[in-house]
Amino acid sequence: MRSRFLFLAICLMAMLRASAGHVLIDGTLEQSAVYPGTVHTFQVYVPDQYDGKRPAALYVGLDGVLCHAPEVMDSLIEAKKMPLTIGVFLQPGIIKATDGTVLRYNRSYEFDSTTGSFAEFLEKEVLPAVEAMKTTKGKPISLSRRPQDRMIFGLSSGGIAAFNAAWHRPDLFGKVFTGVGTFVAMRGGNDLQALVRKTEPLPLRVFIQDGSNDVWNPLFGHWYEGNQMLASALEFAGYDVQCDWSDGGHNVTRSTEIFPQVMEWMWRDWPAEPTVGKTQNDFLKALLTDGDEGWRKIADGADRKPVKRIIYPDLTTVVMAPEEPDNVVWQYLLKNGQLEYGEPFYWLHNDDNSSPLNIHSITFDGNGNLWVATSMGIQICDQNGRVRAILRLPQGCDAVNEIIIGNGTVTLSTPTATWQRRFNVTAPIPGTRPESQGQG
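Residues numbered from 1 in each chain as written. Predicted model: local features only at pLDDT ≥ 70, side-chain atom pairs only at ≥ 80, totals over all residues. Heavy atoms only, no water.

(A) Main features of the sheet that holds strand 17 (residues 370-374). A sheet is described by the order of its strands in space; here four strands give the open sequence 16-17-18-19, paired in antiparallel fashion. The open sheet is flanked by strand 16 (359-364) and strand 19 (387-391), the only strands paired with a single partner. Neighbour-to-neighbour, the strand axes of the sheet open up by a mean angle of 20°, direction not taken into account. In the sheet, strand 16 pairs with strand 17 via five bridges, with the strands oriented antiparallel. Bridge assignment links Ser361 to a residue of strand 17, and that residue is Ala373. (Pairing = 2+ DSSP bridges. Helix = DSSP H or I, 4+ residues; strand = E, 2+ residues; numbered from the N terminus. Axes fitted to C-alpha atoms, helices over the stretch in contact; angles between N-to-C directions.)

Given below as structure tokens:
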């Protein structure tokens, strides 16, 4: 009898393996330039249908395998409700002593930080390591470069990491699922909703899940409120966003329940290219033009000194950007050739709360708004010194020496290229005072 049960068990296990529809390949990343000293482990999901002949779509899951993702993907791929996809299930980094003692857990630093470092890590280290591997059948692993073919998912701190990866690099990921995301005051996640409202919309599809009983640690804030504020900001900014609100807590339960439906929603119109919605930010909406094609290169770069001191069109004030990194631009009144009453008048956003902002160059438009080229984009301040809109720099543009406002165009002079884009703007007229915006 025992041998009969053993035989049945072996048969059952063989059937499960045969019907699994995928293999998981273990990987380790032991050298990192972005996170020195860390070791990251990961698993690569390869569906049975993958033959290595053409690039596959990509799914990145943070904190390893969650939500029974491999089994769900098996089912959806078989049903043709999502494309043939390679999955990468990544664990956060750790640093160990020679005796195996963990000296540093890197999860919060990697996942909760609001900079673009984690996206850079994925692009330059993790994904190349995956593509250097081969399947168990000896096939090369090839990943599609199209953002509409790429999705990233994370839970809690992994949730904000997933969002930030796509937010900083929409050319890397076009689809994001965040569960009980840490959009609170841990490493600046509470500021993301403000940046979303002010920044021109990106071609991202976002699904947000959280529950009213999610207060993991009130010291940092209320998770449920943080997720709702981000969702509201995304809707305001014109994104393709869907939400699931429940009475759940800070766990994976609800994300697991809805995971199949979320995946179908994400891939519902594949392979259609992502679209960009219409923002409700009136200031930004007035700048953007219909049929905007983004920045286009019109010439090679020029070696120019950055413009960090300008005079208001009517010659009444002088504005000066600091030479060293900072998050403010100073305004002075100009009286009898002298600078008086200086104030750090223009306050700028920074996606990295731990270090000052690189301010490259400044200029005024015809409405008296200050355009400030920074390391996180062009921030446009109204006459009262408040950032009202943020524009993305051209891909790969790290510094702007000069911003030239024309009638209907903005030109950026950089060390490597000159870029131009159409906007509803007017050039400043020397000697005239722009119409006052009041003190509102």
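(B) Seen up close, the nonpolar core. Core analysis: the largest hydrophobic core is formed by 69 residues, its most contacted members being Phe163 and Leu370. Beyond its immediate stretch of four places on either side in the chain, Phe163 contacts Val176, Phe183, Leu192, Val196, Val206, Leu230 and Leu234. Residues Leu66, Ile258, Val262 and Met266 belong to the second largest nonpolar core, which totals 25 residues. (Core = buried A, V, L, I, M, F, W, Y, C linked by side-chain atoms within 4.5 Å. Buried < 20%, exposed > 50% of the residue type's maximum accessible area, 1.4 Å probe, protein only. Contact = heavy atoms within 4.5 Å.)

(C) Looking closely at the pairing of strand 10 (residues 240-246). Note that strand 9 (residues 205-211) and strand 10 share seven bridges and pair parallel. Bridging across to strand 10, Val206 finds its partner in Val241. For the crossover that starts at strand 9, traverses helix 7 (residues 223-237) and ends in the parallel strand 10, the hand is right-handed. (Right-handed = clockwise from strand over helix to strand, strands pointing away.)

(D) Focus on helix 7. Taking 1.5 Å as the rise per residue, helix 7 with 15 residues should run 21 Å; its terminal C-alpha atoms sit 21 Å apart, in good agreement. As for helix 7, its buried residues are in contact with helix 5 (157-168), helix 6 (192-198), strand 9 and strand 10. Remark: Gly238 follows helix 7 within two positions and exhibits a positive phi of approximately 95°. (Expected span 1.5 Å × (residues − 1).)

(E) Spotlight on the packing of helix 2 (residues 69-78) against helix 8 (residues 253-266). With their axes 10 Å apart at the nearest point, helix 2 and helix 8 run at an angle of 50° to one another. If you check the angle between helix 2 and helix 8, you find them oblique. Note on packing geometry: the crossing formed by helix 2 with helix 8 is right-handed. Here Ala69, Val72, Met73 and Leu76 of helix 2 lie close against helix 8, whose contacting residues are Phe259, Pro260, Met263 and Glu264. Residue composition of the contact of helix 2 with helix 8, by class: seven nonpolar, no polar and one charged. (Parallel < 35°, antiparallel > 145°, perpendicular 65-115°, else oblique. Left-handed = near helix turned anticlockwise from the far one by under 90°. Nonpolar A, V, L, I, M, F, W, Y, C, P; charged D, E, K, R; others polar.)

(F) Highlighting unusual backbone geometry. A cis geometry characterises the amide bond from Trp270 onward to Pro271, with omega recorded as 10°. Tracing the chain through its elements places Pro271 in the loop between helix 8 and helix 9 (282-287). Notably, Cys67 is not glycine yet its phi reads approximately 60°, a positive angle. Within the element layout of this structure, Cys67 appears in the loop between strand 3 (57-62) and helix 2.

(G) Spatial organisation of the confidence of the model for the protein. Taken as a whole, the protein shows an average pLDDT of 93; of its residues, 95% reach a score of 70 or greater. Low confidence marks residues 1-19, where pLDDT is under 50. Its contacts with residues over four positions away, or in another chain, come to zero contacts. (pLDDT = per-residue confidence, 0-100.)

(H) Inspection of the packing of aromatic side chains at higher detail. Inspection of the entire model under this criterion finds 20 aromatic pairs. Where Phe163 meets Phe183, the ring centres are 6.0 Å apart and the plane angle is 90°; that geometry is what we call edge-to-face. Of this pair, Phe163 sits in helix 5 while Phe183 sits in the loop between strand 8 (175-179) and helix 6, placing them 20 residues apart in sequence. Comparing Phe163 with Phe183, the two get one shared label, buried. Ring plane angle 70° and centroid distance 5.6 Å describe the contact between Trp216 and Trp223, whose orientation is recorded as edge-to-face. Given the relative accessible area of 1%, Trp223 is considered buried. (Phe/Tyr/Trp six-rings, centres within 6.5 Å; stacked < 30°, edge-to-face > 60°.)

(I) Structural context of the side chain of Ser157. Tracing the chain through its elements places Ser157 in helix 5. Here Ser157 falls in the buried class, since its relative accessible area comes to 5%. In this structure Ser157 touches Arg107, Phe111, Asp112 and Thr182, once residues within four positions along its chain are discounted.

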